Amino acid sequence: MRVVVLGAGIVGAACARELARAGLAVTVLDRGGPAAATTAHGEGNVLVSDKGPGPELELARMSRRLWEEALAEAAGRSDADRVEWDPKGGIVVATTDAGARGLEEFAAGQRAAGVTVETLDAPGLAAAEPQVTRDFALAVHYPEDAQVQPVGAAAFLLGDALRAGAGLRTGVEVLGAVTRGGRITAVRTSAGTVEGDVFVNAAGPWSGAVAERLGAPVDVRPRRGEVLVTTPQPPTVFHKVYDADYVGAVGSGAEELQASAVVESTRAGTILLGSSRRRVGFDDRIRPEVLSVIAGKALRLFPRLAGVPVMRAYGGFRPYVPDHLPVIGPDPRLPGLWHATGHEGAGIGLSVGTGRVLADLLLGREPEIDAGPFRVDRPAVLFEGDDQ
Amino acid sequence: MSRNVVIVGAGPAGLAAAAAALRAGARVTLLDAAESPGGQYHRMLPEAFAAERPGRLHHGWAAFDRARRHVLGHPRCTWLAETSVWSLERRDPGDARPPRVHLVHGPDGAGRDRSVLDPDALVLATGAHDRVLPFPGWDLPGVFTAGAAQALAKGERLAVGDEVLVAGSGPFLLPVAASLLEAGSRVRGVLEANPAATVLRGWGARPRELASQPGKAAELAGYTALLARHRVPYRTGRAVIAARGDGRVEEAVTARLRADWSVVPGTERAVPVDAVCVTHGFSPQLELPLAAGCALRDGPEDGTAFVDVDDDQRTTAPGVHAAGEITGVAGAPAARAEGLLAGWLAGGGSPDAPELRAVRRRRDQGRAFARRLAAAHPVGDGWKSWLTPRTVVCRCEETTYGALCRAADDPAGGSDRAVRLGTRAGLGPCQARICGPAVAALLGGRVTRTATPHHRPVAQPIRLGELARPPKEGTP
Ligand SMILES: Cc1cc2nc3c(=O)[nH]c(=O)nc-3n(C[C@H](O)[C@H](O)[C@H](O)COP(=O)(O)OP(=O)(O)OC[C@H]3O[C@@H](n4cnc5c(N)ncnc54)[C@H](O)[C@@H]3O)c2cc1C
Ligand SMILES: Cc1cc2nc3c(=O)[nH]c(=O)nc-3n(C[C@H](O)[C@H](O)[C@H](O)COP(=O)(O)OP(=O)(O)OC[C@H]3O[C@@H](n4cnc5c(N)ncnc54)[C@H](O)[C@@H]3O)c2cc1C
């Protein structure tokens, strides 16, 4: 079976890896370079803490395990080192009583679903994060949260795929489909026609546009996010620390600016302060008022960072579906077309699980988790969903 | 109602733009990150010429001083010192106004205030800083950019070393050597990397054409005489290709170069020195033009670029003019001519005003001079062969040439963006201002180009506490 993966972001890389290692003939196409789009414009949180019980949490927990397996298998390799895997754990801090009540309920549900959740008292929080605000209502520690460097992580997955025989073609833009007997048999591209038996749409926030070009539109939209980067600092932040609003922001589809603080340090010493959520199409202008809101929220968690210089800001477009679940599976309208997209703000973490589920479905194996909720023919994907 | 013109940068170009915009009847806000106006040039001028050419100093300085007083004292001019533009906010598509200008004011460290301006026209005159190519040992203490060495010599009366080599390319080598001599260093030589043939051909084989730039030829002649008096050899076709030492520079390795800057084997020579000053031309400060949405035109070498302007100094972004070294490197007089034109037109002056004819002529002479300068002092591709795998390319993040090559050759890496994020080249505090063009040149042709090294949406560092406070609308 010849599989053509459309998009060389982290999701395309993870799919290519699973499929190539299963012995399929895989070609990955990208109009730019690998991991140069959304995957290079986000953060590298691999989180269970922000996901309530349900299909996304299951995918997240499976993905986390698969990350560890993949890295253990590659231990000692320099490309594995560049993933910068750091199981540092996450701490969620509620600064208001209302926030604390919400967080408490959320955490209880997660605990019931098997997530490790530890409530921190004031000395516990101060010991874990000496610089964090003392003015908090509730703090919860999630030891399973981890972090990667997204571009290194994507290169690692794609490298594995190439080693297993996959091919990569960059600078190749997908323009349309060639169909025969109602089946997609090739894609037309800026560099000629590329034939295959199966085509996997992994074009991130552009998946909607690619699907449209192929004649089977899906409702994947861009959701803008910005991140601030400080100058390198001595060790200041030890976990990924975020405010309890984050949980609400992830699950909401509101039009207006939302921001919640996610604060973490990187191996290079910089501190990343995220992030905003806005629906502005593909407008890539960096807005000072958005950066200002992010800075304000971060300072509520870490007031002592007020003097730290921001040296860079960047932003990207999270690929989202109105019901906030990824899309993984075959497109019933166009046999031969599959989708692996819509991971919104969690595609780095969820990439490896997505690759595994897609390969299982494609090869007729029973996926480890229920893939039904991610299917293509659900109302939200086929433009019948409420945009809430 | 008179137009509201904001001018960013108060170097020769920005000051001239302010004077012309005022003359055209506009209200002007002139701002600069520095404490006083003058830019790169006049910051140095008083001392730079003091020792050798007091007469010229007096003349140049007096003219500058008059211009400065006229502009800063003008009732329609607001001068904002120690004010940085940290962000330009582009308008919605179809809105023809220039971007909003976001400022921070005051000395760094004190918790600066923010404000935001809504100009009718914007003039960008942010200048250039000196460019240095990497070579083995360039990260050792004792290796200086020529500009830094000159600033130390002039500003603080500090000689960077006792035994110094000045190397690189361009006429700027000469004033640097002069100021080092004056600060008491022994200059072992001034090395121009390009062979004499390239330099002469570039200047049109008629070096006298320099005279079209008033004062330039005399200035150069003055430096040449000074070097001769101190018996400082000026050599062409030779460069410092490595610096060595235990913890700091103890010797420089020089070599003869071919026209493409590759080393003629067997010509390497070790010269004992305690400092090396290098310059390889100038890198324009392009983050604000990019943020404003101005198109760039590629410079002569990979990874270099300038702001694209038309005959009226207009950029491709509505309401945004550009002047001075961000449009091309031709020295202060050319920057002034561009500034006059940009300021006059931004301020609502008529493009057909008769007095513009002379200004345009000077501007065109400046552009011709820039072309000759670029042709006489190109950067040859051969510098890449000076590097070893262990040569540091990005000093902030200590990324080596070897690491960069490995990342570029990784089949799963593939794009310049992925290589930069993977190796951290250019991601440190200087935000690729120093290594950006070099990294772009080293990656050129090896990886997919997806990003420009000049993209810095946060144009100047801003502290979190400053950023979190909302800005005041209008001038502070
Ligand atoms: C600010 C921000 C913070 C984030 N933080 C996190 C986080 O902490 N943790 C996390 O897990 N996730 C995070 N994310 C989300 C994560 O970055 C994305 O979910 C993920 O990168 C999506 O990967 P992808 O491969 O689907 O898309 P992409 O990386 O965008 O890849 C899609 C590829 O398709 C290519 N393409 C598009 N159209 C065509 C075409 N017509 N022809 C050929 N190729 C085409 C593109 O060039 C691109 O390379 C964040 C995102 C943002 C914006
Ligand atoms: C060390 C040195 C020596 C030189 N010697 C000579 C010489 O002898 N003869 C000669 O003809 N030329 C010389 N030059 C070149 C000359 O200085 C330039 O041609 C001239 O200064 C260019 O003028 P400009 O107005 O374009 O830019 P600049 O003079 O560089 O002025 C730009 C101004 O913009 C400000 N700025 C930039 N970004 C921002 C921001 N984001 N916010 C606020 N302000 C900002 C800077 O602070 C600066 O003051 C020298 C240059 C240097 C660096």
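No experiment lies behind these values; they were computed from the predicted model shown.

Draft legend 1. Structural detail: the environment of A:Val26. Residue and element names in this part refer to chain A. In this structure, Val26 sits in strand β2 (residues 25-30). Its relative accessible area of 4% is what places Val26 among the buried residues. Taking C-alpha positions, Val26 is 9.8 Å from Phe199, a pair spaced 173 residues apart along the chain. Excluding anything up to four places from it in sequence, Val26 contacts Val3, Val5, Ala16, Leu19, Ala20, Gly165, Ala166 and Gly167.

Draft legend 2. Representation of the site of ligand 1 within the structure. Residue and element names in this part refer to chain A. Within the structure, ligand 1 sits among 38 residues, and Asp30, Thr38, Thr39, Asn45 and Glu344 are positioned closest to it. Between Val11 and ligand 1, the recorded distance is 3.0 Å, taken from a backbone N or O atom to an oxygen atom. Glu43 has a polar backbone atom sitting 3.1 Å from a nitrogen atom of ligand 1. Surface burial for ligand 1 is 98%, taken as the share of its 1,000 Å² of free accessible area covered by protein chains. Going through the elements one at a time, α1 (10-21), α7 (207-214), β13 (221-230), β17 (309-320) and α10 (347-362) are the ones with two or more residues in the shell around ligand 1. No other element matches the 4 residues that β17 contributes to the shell around ligand 1. In the shell around ligand 1, the residues fall into 16 nonpolar, 15 polar and 7 charged.

Draft legend 3. Inspection of the interface of chain B and chain A at higher detail. Counting residues at the interface gives 37 residues for chain B and 40 residues for chain A. Of the roughly 3,100 Å² buried between chain B and chain A, counting both surfaces, carbon and sulfur atoms make up 61%. Its largest share of buried area at the contact with chain A, chain B owes to B:Ala412, B:Val458 and B:Leu464, together 20% of the area lost on that side. In this structure, the salt-bridge partner of A:Arg285 is B:Asp92, at a minimum N-O distance of 2.7 Å. Along the contact surface separating chain B from chain A lie 14 residue pairs in polar contact (both at pLDDT 80 or more). Where the side of chain B that touches chain A is concerned, the elements lending two or more residues are β4 (83-89), α12 (416-423), β23 (462-463) and α14 (464-468) of chain B. Residue composition of the side of chain B that touches chain A, by class: 15 nonpolar, 11 polar and 11 charged. Direction of pairing for β17(A) relative to β23(B): antiparallel, over a ladder of 2 bridges. From the neighbouring strand, A:Pro309 faces β23(B), where its bridge partner is B:Arg463.

Draft legend 4. Representation of the domain arrangement of chain A. Residue and element names in this part refer to chain A. Domain annotation for chain A reports domain 1 (2-70 + 150-220 + 324-374) and domain 2 (90-143 + 222-320). Using C-alpha coordinates to define each centre, domain 1 is positioned 28 Å away from domain 2. Between domain 1 and domain 2, the contact holds 25 residues from the first and 31 residues from the second. Summed over both sides, the interface of domain 1 with domain 2 buries roughly 2,300 Å², with 58% coming from carbon and sulfur. For domain 1, the biggest contributors to the area lost against domain 2 are Glu43, Ser49 and Glu344; these three give 27% of the whole. Between domain 1 and domain 2 we count 2 salt bridges in total. With a shortest N-O distance of 2.5 Å, Arg223 and Glu344 are connected by a salt bridge. At the surface where domain 1 touches domain 2, the tally comes to 13 residue pairs in polar contact (both at pLDDT 80 or more). Split by residue class, the side of domain 1 that touches domain 2 holds 7 nonpolar, 12 polar and 6 charged.

Draft legend 5. How the structure looks around the packing of aromatic side chains. Applying the stated criterion to the full structure yields 5 aromatic pairs over all chains. Relative to B:Phe369, the ring of B:Trp203 lies with its centre 5.4 Å away and its plane at 40°, an arrangement referred to as tilted. In this pair, B:Trp203 is assigned in the loop between α6 (196-202) and α7 (216-229) and B:Phe369 in helix α10 (residues 356-376), connecting sequence segments 166 residues apart. Using a relative accessible area of 9% as the deciding quantity, one classes B:Trp203 as buried. Members of the aromatic cluster, joined through ring pairs, are A:Trp206, A:Phe282 and A:Phe317.

Draft legend 6. Representation of the confidence of the model for chain B. Residues and elements named next belong to chain B. Summarising the model, chain B shows a mean pLDDT of 90, and 93% of its residues fall at 70 or more. Confidence drops under pLDDT 50 across residues 45-52; counting only partners more than four residues distant or on other chains, this segment forms 19 contacts. Low pLDDT (under 50) marks residues 54-58, which in the prediction has 8 contacts with non-local residues, meaning those over four places away or in another chain. The complex model carries a pTM of 0.93, and its ipTM stands at 0.93.

Draft legend 7. The arrangement of the sheet that holds strand β13 (residues 238-244) of chain B in detail. Residue and element names in this part refer to chain B. As summarised here, the arrangement of the 3 strands in space is β13-β14-β15, forming an open sheet in which the pairing is antiparallel. Strand pairing shows two members of the sheet lacking a second neighbour, β13 and β15 (269-272), which therefore form its edges. When strand polarity is set aside, the average angle formed by the axes of neighbouring strands in this sheet is 35°.

Calculation notes
- Residues numbered from 1 in each chain as written.
- Chains lettered and ligands numbered in written order.
- Predicted model: local features only at pLDDT ≥ 70, side-chain atom pairs only at ≥ 80, totals over all residues.
- Heavy atoms only, no water.
- Helix = DSSP H or I, 4+ residues; strand = E, 2+ residues; numbered from the N terminus.
- Buried < 20%, exposed > 50% of the residue type's maximum accessible area, 1.4 Å probe, protein only.
- Contact = heavy atoms within 4.5 Å.
- Near = heavy atom within 4 Å.
- Polar contact = N/O pair within 3.5 Å; in protein donor to acceptor, adjacent residues only side chain to side chain.
- Areas by Shrake-Rupley, 256 points an atom, 1.4 Å probe, with all protein chains shown as cover.
- Nonpolar A, V, L, I, M, F, W, Y, C, P; charged D, E, K, R; others polar.
- Buried area = accessible area lost by both parts, 1.4 Å probe.
- Salt bridge = Lys/Arg side-chain N within 4 Å of Asp/Glu carboxyl O.
- Pairing = 2+ DSSP bridges.
- Domains from an automatic or database assignment.
- Phe/Tyr/Trp six-rings, centres within 6.5 Å; stacked < 30°, edge-to-face > 60°.
- pLDDT = per-residue confidence, 0-100.
- Axes fitted to C-alpha atoms, helices over the stretch in contact; angles between N-to-C directions.

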